[in-house]
Amino acid sequence: MAAQAELGSVCQGQRGKPIEKQCDGHNGSKMTDQQGNPDQLPAEKGQGGAGATYKLAVFEFENFRGKKLELSGECKDVLEKTEKIGSVIVESGPWVGFERPGFAGEQFVLEKGEYPRWSTWTNCLSSYSLSSFRPLKVDSADHKLHLFENAGFESRKMEIVDDDVPSLWAHGFQDRVASAKAISGTWVGYMYPGYRGRQYVFERGDFKHWNDWGATAPQIQSVRRVRDMQWHKRGCYIASAPAPTPPNPNPVPNPNPTPNPAPAPNPTPKPNPAPNPKSQTQP
């Protein structure tokens, strides 16, 4: 990753070598387990780049069970058709789901793949319900994002080009991001390193204040590209597994250790057996 000084730092990925992660589509048998024909909601408004197609299926219960509802465009209140959402399959996308109707509340980016339960579309325990959906606009295979320390594109700046950044701190930038410019491509930012915490979508455009991307505080510590199947035929982003927790170098001693049992008395010693002639050392 090459670095370049320009009022901050630059993260440059390798062009022509996209990160392709295996993320298979749905298994047909799971889609046919439902009784009757699924409800379908038509597209209300076209989204995305030229020729882009979008298809998403939501299920009432976990593991793709219960009532099924198919979407091909934005839906302001999916709970008008089903009581709850327990699992999701994205056949083509990408999409963004919202915690509340009317595209409000916490955001959840959904790329092509299966989401059998809430923990597969978020790691934030405070909120995980889905109530509205819309396709994400993806205008280009290239990605460029500018992050600024203060609102109104002021103070320190960081430019990220065709790369995912699991930690802004690792590149000399702080966790305060108060404004941003998505020059090309679609991005998702996270409150914490390693793509954890609340998610914030950055489609192409200017964001002069953190309220513009739905945040209540200017805190972003990791960002990544949203990959579209139009250019990346075999993949969506899959976060790497967290590193194992290292052992505690200063373990807390046990205040009540179990005392060692009294040693058993020595049994009566057995007489030494007669030496084996075959094992004797020859003079």
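Keep in mind that this is a model prediction, so the values were computed, not measured.

Notes on the pattern of salt bridges
Stage number 1. Following the criterion strictly, the structure yields eight salt bridges and no others.
Stage number 2. The shortest N-O distance in the salt bridge between Glu-99 and Arg-100 comes to 4.0 Å.
Stage number 3. Notably, a salt bridge pairs Glu-203 with Arg-134, separated by 2.8 Å at the nearest N-O pair. Taken together, the residues Glu-203 in the loop between β14 (196-202) and β15 (205-207) and Arg-134 in strand β9 (residues 132-135) connect sequence positions 69 residues apart.
Stage number 4. A residue is classified by how much of its surface remains accessible, and Arg-134, at 16% relative accessible area, is buried.

Remarks on the nonpolar core
Stage number 1. Membership of the largest hydrophobic core comes to 21 residues, with the highest contact counts inside it found for Leu-147, Leu-168, Phe-202, Trp-213, Ile-220 and Val-223.
Stage number 2. Among the elements of the structure, β10 (144-150), β11 (154-161), β12 (179-184), β13 (187-192) and β14 are those that each provide at least two residues to this core.
Stage number 3. With residues up to four places along the chain from it excluded, the contact list for Trp-213 reads Gln-107, Val-177, Ala-178, Ser-179, Ala-180, Tyr-200, Val-201, Phe-202, Phe-207 and Ile-220.
Stage number 4. Of all hydrophobic cores here, the second largest spans 18 residues; its members include Leu-71, Ile-85, Val-90 and Trp-121.

Considerations on the packing of aromatic side chains
Stage number 1. Inspection of the entire model under this criterion finds eight aromatic pairs.
Stage number 2. Ring geometry for Phe-148 against Phe-153: centres 5.4 Å apart, planes inclined by 65°, an arrangement best described as edge-to-face.
Stage number 3. Given the relative accessible area of 19%, Phe-153 is considered buried.
Stage number 4. An aromatic cluster of at least three residues, connected via ring pairs, comprises Phe-202, Phe-207 and Trp-213.
Stage number 5. Over the ring of Phe-153 we find Lys-181, and its NZ or CZ is 4.6 Å from the ring centre.

Concerning the pairing of β14
Stage number 1. In terms of burial, β14 is a largely internal element, five of the seven residues being buried.
Stage number 2. Between β13 and β14, which pair antiparallel one after the other, the connecting turn spans three residues, and Gly-194 there sits at a positive phi close to 75°.

Regarding the environment of Leu-130
Stage number 1. If you trace the backbone, Leu-130 turns up in the loop between β8 (113-115) and β9.
Stage number 2. C-alpha of Leu-130 to C-alpha of Ser-87: the two residues are 43 residues apart in sequence and 9.7 Å apart in space.
Stage number 3. Once residues lying within four places of it in the same chain are set aside, the contact partners of Leu-130 are Val-78, Leu-79, Ile-85, Val-88, Gly-97, Phe-98, Glu-99, Phe-108 and Trp-121.

Quick look at the confidence of the model for the protein
Stage number 1. When pLDDT is averaged along the protein, the result is 74, and 60% of the positions lie at 70 or above.
Stage number 2. Within the protein, the element-level pLDDT minimum falls on helix α1 (residues 28-31), averaging 33, and the maximum on β15, averaging 97.
Stage number 3. This model gives residues 40-50 a pLDDT under 50, and the stretch forms 27 contacts once residues within four places in sequence are excluded.
Stage number 4. Note on residues 273-283: pLDDT is under 50 here. Beyond four places in sequence and across chains, it has one contact.

Focus: the environment of Pro-166
Stage number 1. Relative to the helices and strands, Pro-166 resides in the loop between β11 and β12.
Stage number 2. Pro-166 gets classed as partly exposed once you look at its relative accessible area, which sits at 41%.
Stage number 3. In this structure, the C-alpha to C-alpha distance between Pro-166 and Tyr-195, residues 29 residues apart in sequence, is 6.2 Å.
Stage number 4. For Pro-166, the contacting residues outside a window of four places in its chain are Pro-193, Gly-194, Tyr-195, Gln-221 and Ser-222.

Definitions and limits used
Residues numbered from 1 in each chain as written. Predicted model: local features only at pLDDT ≥ 70, side-chain atom pairs only at ≥ 80, totals over all residues. Heavy atoms only, no water. Salt bridge = Lys/Arg side-chain N within 4 Å of Asp/Glu carboxyl O. Helix = DSSP H or I, 4+ residues; strand = E, 2+ residues; numbered from the N terminus. Buried < 20%, exposed > 50% of the residue type's maximum accessible area, 1.4 Å probe, protein only. Core = buried A, V, L, I, M, F, W, Y, C linked by side-chain atoms within 4.5 Å. Contact = heavy atoms within 4.5 Å. Phe/Tyr/Trp six-rings, centres within 6.5 Å; stacked < 30°, edge-to-face > 60°. Lys NZ or Arg CZ within 6 Å of the ring centre and 35° of its normal. Pairing = 2+ DSSP bridges. pLDDT = per-residue confidence, 0-100.

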